[in-house]
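Reading the structure
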Amino acid sequence: MEISTLHNIALNILEWITLLLVLGVATLLVMVIYFYIVDSRQQTHTIRRNYPVIGRFRYLFEHLGEFFRQYFFAMDREELPFNRAERSWVYRAAKEVDSTIAFGSTRPMDQEGDINFLNSAFPVLEDEALPVKTIIVGEHHCPQPYHANSVLNISAMSYGAISAPAVQALSRGARMAGIWMNTGEGGLSPHHLQEGCDIVFQIGTAKYGVRDNNGGLDDAKLLAIAAHAQVRMFEIKLSQGAKPGKGGILPGAKVTEEIAHIRNIPAGMDSLSPNAHPEFKNVCDILDMVERVRMVTGKPTGLKFVVGQTDFLHTLFQEIHRRGVPSAPDFLTIDSADGGTGAAPQALMDFMGLPIRESLPLVVDLLHEYGLRERIKVIASGKLISPDKVAWALCVGADFCASARGFMLALGCIQALQCNKNTCPTGITTHNKELQKGLVSSEKAKRVSAYAKHVAAGVNMIAHSCGVLEPRSLGREHVTIILRKDSSRIMRELDPIPATRSEYIQRY
Ligand SMILES: Cc1cc2nc3c(=O)[nH]c(=O)nc-3n(C[C@H](O)[C@H](O)[C@H](O)COP(=O)(O)O)c2cc1C
């Protein structure tokens, strides 16, 4: 063959390759534009809406991760604060995709301090099961007691720490699921009210929303908040698990005009609550405040704190008996040392307070000892994001559970750990409108509701497997605590409900 013919063939091949390349690039470009339009218009996936096209890789990598983890990386239980197994459960529940898993548990069942439930030889048949028992908070002691049967509710997160669409999605989801939502310490916003859910109003150390000019409690403002029928209870926050001894921290970048108006503070400047209520110096001051809030509002009033030095509890309960049992807070919210926050110093986050595993049995026991268990309801919080955790808390003696981060995950949180930076990629803890557009509140509300319902269904399932007709009949006899490999003890034997001290029972 002549050289010129060879040359022509080579040129032809080159032309074809160039043509194919150009066609390939053009197709890719068209696909990118197509996916860009699809991603930015769809309303269900936050990351794809906020980061069109590129966000798809997250879902691809998440899927591929399942295979890679078999060879290179950590198993699905080695990430913190919530491992992949825990997060995946919440995502699946929220999206209502198949909640079954295959092959076998990846959970080690021999970890000291961990628990297992004790199934009954005679599980409850579905048609024998009873609806979840209703608890009445403030019964006989409040003009307007609160009736609730929800097992998992939305824990305190202020409007400020989380965005307006997040608050809207949570409040609509709460209404759909029949659970309550706590305002957190940032006051009551229109976003809390607009969807019609039950609300617990939190009074933080800065008294945002009910603050007088000197930083004290303003009864007129309190009355105005209580006038909303949706506001069912009031919670005075003494401390929060992630930062006991430190007040709320809202960086200036997150203090928008609206948030500043609700809190009655300047916009754009850091919003720092005092690290304690200035008017509280002893348990009498605390009980005085409980009485005052309950009297002004007519609604159940409780305290939220993380347990630290326990003599506080003894003094509190003794003072309640000295004043008379009606003076008691209507509920106690016990938060765990490993609770979440929008922003906190690491020293407090990592080292201060007792975890819920230790504090919940302790508080429930003391309430029994002082004969106050019936009078004071108990709400537990701290990583109680799945049915097993909630069922454990009910077994120990909690009346309700609450979660903040479980509901953030249901909203689409990817645990980017940027809540303090106004850069949350899923629009939950940012006031950047560009990032918020990914969070379509009407869509996410469905996930919030589905998550709450799946947790409740899971707790029911555990209760029925343990042989009790409804979740609030779970007790310490239904849990075994692992002491060491291959050895566990039933919680009722290890940590029995103490007998009531007779002197308190007489007065009660
Ligand atoms: C973003 C964020 C904001 C929070 N804001 C408040 C608050 O205003 N008041 C409060 O008492 N707790 C606040 N918390 C703590 C939660 O209410 C809850 O007690 C704690 O996170 C434990 O629950 P979890 O482990 O289910 O998140 C906040 C938590 C998060 C993650």
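Below you will find a few notes about this structure. Please read all numbers here as calculations on a predicted model, not as lab measurements. (Residues numbered from 1 in each chain as written. Predicted model: local features only at pLDDT ≥ 70, side-chain atom pairs only at ≥ 80, totals over all residues. Heavy atoms only, no water.)

**Details of the overall build of the chain**
When helices and strands are counted, the chain shows 18 helices and 15 strands. Each principal axis of the C-alpha atoms in the chain carries an extent, and together these give about 115 × 60 × 45 Å. Of the contacts formed within the chain by residues at least 6 apart in sequence, a portion of 70% connects residues at least 24 apart. Surface accessibility of the chain: about 23,900 Å² in total, with carbon and sulfur atoms responsible for 58%. A distance of 4 Å separates the average location of the 53 positive side-chain charges in the chain from that of its 52 negative side-chain charges. (Helix = DSSP H or I, 4+ residues; strand = E, 2+ residues; numbered from the N terminus. Contact = heavy atoms within 4.5 Å. Areas by Shrake-Rupley, 256 points an atom, 1.4 Å probe, with all protein chains shown as cover. Lys, Arg positive; Asp, Glu negative; His and termini not counted. Charge placed at Lys NZ, Arg CZ, Asp CG, Glu CD.)

**Considering the site of the ligand**
By nearness alone, 23 residues border the ligand, and Ala 156, Gly 340, Lys 383, Ser 403 and Arg 405 come closest of all. Within the side chain of Asp 335, an N or O atom sits 2.9 Å from an oxygen atom of the ligand. One of the backbone N or O atoms of Lys 383 is found 2.7 Å from an oxygen atom in the ligand. Burial of the ligand by the protein amounts to 98% of the accessible area it has alone, namely 600 Å². Here the residues of the shell around the ligand sort into 5 nonpolar, 12 polar and 6 charged. (Near = heavy atom within 4 Å. Polar contact = N/O pair within 3.5 Å; in protein donor to acceptor, adjacent residues only side chain to side chain. Nonpolar A, V, L, I, M, F, W, Y, C, P; charged D, E, K, R; others polar.)

**Some words on a nonpolar patch on the surface**
A cluster of nonpolar side chains, Tyr 51, Ile 54, Phe 57, Leu 60, Phe 61 and Leu 64, forms an exposed patch at the surface whose accessible area comes to about 570 Å². Here Phe 57 lies in helix α3 (residues 56-68). Residue Phe 57 is classed as partly exposed on the basis of its relative accessible area, which comes to 42%. (Patch = residues over 30% accessible without salt bridge, like charges linked within 9 Å, V, L, I, M, F, W, Y side chains within 5 Å. Salt bridge = Lys/Arg side-chain N within 4 Å of Asp/Glu carboxyl O. Buried < 20%, exposed > 50% of the residue type's maximum accessible area, 1.4 Å probe, protein only.)

**Focus: unusual backbone geometry**
Backbone geometry at Gln 415 places phi at a positive 60 degrees, although glycine is not the residue there. Within the chain, Asn 422 stands out as a residue other than glycine whose phi angle is a positive 60 degrees. The residue Asn 422 is located in the loop between α14 (405-411) and α15 (433-436) in this model.

**Regarding helix α10 (residues 311-323)**
Along its 13 residues, α10 runs 18 Å from first to last C-alpha, staying within 8% of the 18 Å computed at 1.5 Å per residue. Buried within α10 are the following residues: Leu 313, Leu 316, Phe 317, Glu 319, Ile 320 and His 321. With its phi angle positive at about 115 degrees, Gly 324 sits one or two positions after the end of α10. (Expected span 1.5 Å × (residues − 1).)

**Some words on the pattern of salt bridges**
In total, this model carries 26 salt bridges according to the counting rule given. The partner of Glu 195 in a salt bridge is Arg 175, with the nearest N and O atoms 3.9 Å apart. Here Glu 195, found in the loop between α6 (190-193) and β6 (198-203), pairs with Arg 175, found in helix α5 (residues 164-177); they are 20 residues apart in sequence, far enough to count as distant. What makes Arg 175 partly exposed here is its relative accessible area of 42%. Ionic pairing is found between Asp 330 and Arg 294, a salt bridge with its closest N-O pair at 2.9 Å. Taken together, the residues Asp 330 in the loop between α10 and β11 (331-335) and Arg 294 in helix α9 (residues 283-297) connect sequence positions 36 residues apart. When salt bridges that share partners are traced, they join Asp 288, Glu 319, Arg 322 and Arg 323 into one network.

**What about the sheet that holds strand β14 (residues 479-484)?**
Pairing in this open sheet of 3 strands is antiparallel, and the strands run β1-β14-β15 from one edge to the other. Bordering the open sheet on either side are β1 (115-117) and β15 (487-490), each of which pairs with just one other strand. Taking each pair of neighbouring strands and ignoring which way they run, the sheet shows an average axis angle of 35 degrees. One ladder, built from 3 bridges, connects β1 with β14; its direction is antiparallel. Note that in β14 the partner of Asn 116 across the bridge is Thr 480. (Pairing = 2+ DSSP bridges. Axes fitted to C-alpha atoms, helices over the stretch in contact; angles between N-to-C directions.)

**Some remarks on the environment of Ile 225**
Tracing the backbone shows Ile 225 in helix α7 (residues 219-226). Along the backbone, Ile 225 and Pro 244 are 19 residues apart, and their C-alpha atoms lie at a distance of 27 Å. Not counting the four nearest positions on each side in its chain, Ile 225 is found in contact with Leu 188, Phe 201, Gly 209, Val 210, Val 231 and Phe 234.

**A closer look at the nonpolar core**
Of all hydrophobic cores here, the largest spans 108 residues; its most connected members are Phe 317, Leu 360, Trp 392 and Tyr 451. Apart from the residues within four sequence positions on either side, Phe 317 is in contact with Leu 332, Leu 366, Leu 367, Tyr 370, Leu 372 and Ile 376. (Core = buried A, V, L, I, M, F, W, Y, C linked by side-chain atoms within 4.5 Å.)

**Remarks on the packing of α7 against α9**
The geometry of a pair of packed helices is captured by two quantities: the angle between their axes and the separation between those axes. In contact at an axis separation of 9 Å, α7 and α9 are set at 55 degrees when each is read in the N-to-C sense. By the criterion of interaxial angle, the relationship of α7 to α9 is oblique. Of the two possible hands of crossing, α7 and α9 adopt the one that is right-handed. Across the interface between the two elements, Asp 219, Leu 222, Leu 223 and Ala 226 from α7 touch Arg 292, Val 293, Val 296 and Thr 297 from α9. Residue composition of the contact of α7 with α9, by class: 5 nonpolar, 1 polar and 2 charged. (Parallel < 35°, antiparallel > 145°, perpendicular 65-115°, else oblique. Left-handed = near helix turned anticlockwise from the far one by under 90°.)

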